[in-house]
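Inside the fold
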Amino acid sequence: MPRPIQATIHTEALRHNLERVREAAPDARTWAVVKANAYGHGIERVFEGLRGADGFALLDLEEAQRVRALGWRGPILLLEGVFELRDLELCSRLGLWHTVHCDEQIDMLATHKTNVPHRVFLKMNSGMNRLGFTPLRYRAAWTRLNALPQVDEISLITHFSDADGARGVTAQMAVFAAVTQDLPGERSLSNSAAILRHSLPATGVHPPPDVYVASDWVRPGIVIYGSAPDFPENSAASWRLQPGMTLASKIIATQDLATGASVGYGSNFVAEQPMRIGVVACGYADGYPRACPTGTPILVNGVRTRTLGRVSMDMLAVDLTPVAGAGFGSEVTLWGRAANGSLLGIDEVAQAAGTVGYELMCALAPRVPVLVTD
């Protein structure tokens, strides 16, 4: 039989999370962000769960072709725009909308020969300092784009650096509003954190914030996959999100440790008393973080326990003390939903590893089989 590890993509959970976005931003249209192969979930695997979105936002032409091949005829947005002139030909052929964030992309449009003008999203660098025109140069870029026959409609877009924390969106919103107040075009502002924390939600866990972000288009990413964008201040459960992915395996061996016995490479866990441990068929070659220390939460038969010692390439150890009757073949949930309904948020595991849920999702290894289910 195959090695007992499997990831499960929960289609109904994706639908639920998308609906949570609509509750939080009921007046906006929704881009389902499926960059990085749908945050490691697989574009083809998540499509049914997310096809209720108004459009798909992603990074590259190959991903756009895959979405079109699935039968999607609605809007697709290239979040980083084109990288070279010939990319515009495929944008025309596939009917892609694309971000414009630098002079070079305007230059490409100016030399592009097309019968169908492009829908573009002009990006402002309102404080993130990654992509976009500075506020001082933004209107000149808009004027130049607006004069091109290759350009049809211009939408306005920016990205928040601190929507998930105490700094919030106030400063960036003030910059964006001041520069764009009399410019026509739809706005796309809110990422996952801004949607949940700074929209006018139908329901929510926060008191009304000082600044509300009004977007014509919102861009949920991590939230539609069931991770909290502002963890640990809030968890996925407190935002009423459901895990889009479960990573599960089984115990393939048990060991009885005497006091003073160690576990794993480096012997950095030493038993302080006699105990029973399980060995799980999952390691860093499957995408589970090697950095997870002793004490990282994990579920065995749906019961919360902890990892022990270093994570190996193909295995890790768990404490079976809290799990009566666990042994060979027992279910292990690395993150997600156990068979008995118990949940382990991916954000908790990521926090133990000193990283974020985004990285764990994207790091799922190709050797792990994936099942798609409702």
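In this report, the structure presented in the accompanying data block is examined. Computed from a predicted structure; not experimentally measured.

Quick word on the side chain of Arg219
For Arg219, the position within the fold is in the loop between β9 (217-218) and β10 (245-257). Asp216 provides the closest opposite charge to the buried, salt-bridge-free Arg219, at an N-O distance of 11 Å. Of the polar contacts made by the side chain of Arg219, one reaches the side chain of His159; its length is 3.1 Å. Apart from the residues within four sequence positions on either side, Arg219 is in contact with Trp31, Val33, Leu79, Ile157, Thr158, His159, Ser188, Leu189, Ser190, Asn191, Ser192 and Ile195.

Notes on a nonpolar patch on the surface
A grouping of Ile252, Met315 and Phe328 is seen on the molecular surface, where their side chains present a nonpolar patch of about 320 Å² in accessible area. For Met315, the location among the structural elements is in the loop between β15 (303-308) and β16 (316-319). Overall, Met315 belongs to the partly exposed group, its relative accessible area being 39%.

Focus: unusual backbone geometry
With an omega of 5°, the peptide bond between Phe231 and Pro232 qualifies as cis. Residue placement: Pro232 occurs in the loop between β9 and β10. Not every positive phi belongs to a glycine, and Asn37 is a case in point at roughly 55°. Locating Asn37 in the fold gives a position in helix α2 (residues 35-39). The partly exposed category is assigned to Asn37, whose relative accessible area is 28%. Positioned with a positive phi, Asn129 is a non-glycine residue whose angle comes to about 60°.

With respect to empty space enclosed by the protein
Per the stated rule, a full pass over the model turns up 1 cavity of 30 Å³ or more. Within this model, the largest cavity holds a volume of roughly 40 Å³. Lys123, Met124, Asn125, Ser126, Gly127, Met128, Arg130, Leu131, Thr158 and His159 together form the lining of the largest cavity. For the lining of the largest cavity, the per-class residue count stands at 3 nonpolar, 5 polar and 2 charged.

What to know about the pairing of strand β17 (residues 331-337)
The element β17 is extensively covered by neighbouring structure, given that 5 of its 7 residues are classed as buried. Summarising the sheet, β10 and β17 pair through 4 bridges and their orientation is antiparallel. Residue pairing in the sheet places Leu247 in a bridge with Trp335 of β17. With 2 bridges connecting them, strand β14 (residues 297-300) and β17 associate as antiparallel partners. Paired with Leu299 across the two strands is Thr333, which belongs to β17. Sheet analysis places β17 next to strand β18 (residues 343-344), joined by 2 bridges and oriented antiparallel. What sits directly across from Arg337, in β18, is Leu343. Between β17 and β18, which pair antiparallel one after the other, the connecting turn spans 5 residues, and Gly341 there sits at a positive phi close to 95°.

Reading the values: rules and limits
Residues numbered from 1 in each chain as written. Predicted model: local features only at pLDDT ≥ 70, side-chain atom pairs only at ≥ 80, totals over all residues. Heavy atoms only, no water. Helix = DSSP H or I, 4+ residues; strand = E, 2+ residues; numbered from the N terminus. Buried < 20%, exposed > 50% of the residue type's maximum accessible area, 1.4 Å probe, protein only. Lys, Arg positive; Asp, Glu negative; His and termini not counted. Salt bridge = Lys/Arg side-chain N within 4 Å of Asp/Glu carboxyl O. Polar contact = N/O pair within 3.5 Å; in protein donor to acceptor, adjacent residues only side chain to side chain. Contact = heavy atoms within 4.5 Å. Patch = residues over 30% accessible without salt bridge, like charges linked within 9 Å, V, L, I, M, F, W, Y side chains within 5 Å. Areas by Shrake-Rupley, 256 points an atom, 1.4 Å probe, with all protein chains shown as cover. 1 Å grid on protein atoms, 1.4 Å probe; cavity = no way out; pocket = protein on both sides within 12 Å on 5 of 7 lines; lining within 4 Å. Points joined across faces, edges and corners; volume = space filled by probe spheres on them. Nonpolar A, V, L, I, M, F, W, Y, C, P; charged D, E, K, R; others polar. Pairing = 2+ DSSP bridges.

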